[in-house]
Amino acid sequence: MQWITLISTMVGAAIATGSAMLLDRQRWRRERLDRETQARRTLYGEYLDGTVPA
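Residues numbered from 1 in each chain as written. Predicted model: local features only at pLDDT ≥ 70, side-chain atom pairs only at ≥ 80, totals over all residues. Heavy atoms only, no water.

1. A short note on the pattern of salt bridges
Inspection of the entire model under this criterion finds 2 salt bridges. With a shortest N-O distance of 2.3 Å, Asp-24 and Arg-27 are connected by a salt bridge. With Asp-24 and Arg-27 both in helix H1 (residues 3–51) and 3 residues apart, the pair spans about one turn of that helix. The exposure class assigned to Asp-24 is partly exposed, which follows from its relative accessible area of 42%. A salt bridge links Arg-32 to Glu-36, with the shortest nitrogen-to-oxygen separation between them at 3.3 Å. One end of the pair, Arg-32, and the other, Glu-36, are both in helix H1, 4 residues apart, so they sit about a helical turn from each other. (Salt bridge = Lys/Arg side-chain N within 4 Å of Asp/Glu carboxyl O. Helix = DSSP H or I, 4+ residues; strand = E, 2+ residues; numbered from the N terminus. Buried < 20%, exposed > 50% of the residue type's maximum accessible area, 1.4 Å probe, protein only.)

2. Quick word on a nonpolar patch on the surface
Together, Trp-3, Leu-6, Ile-7, Met-10, Val-11 and Ile-15 make up an exposed nonpolar region whose accessible area comes to about 630 Å². Looking at the secondary structure, you find Met-10 in helix H1. The exposure class of Met-10 is exposed, given its relative accessible area of 55%. (Patch = residues over 30% accessible without salt bridge, like charges linked within 9 Å, V, L, I, M, F, W, Y side chains within 5 Å. Areas by Shrake-Rupley, 256 points an atom, 1.4 Å probe, with all protein chains shown as cover.)

Structure, rendered in structure tokens:
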């Protein structure tokens, strides 16, 4: 058995797993910021709606 092939496969798997984890974390962070921004917009809109004289 060639050790180079086995080691190369293991390193490739580690790189693929690490990059997938990094991309998922970035997507989670972006989606969290989008949710916070949407909630903030909703609250600001409700506030402005409440301050407008009827």
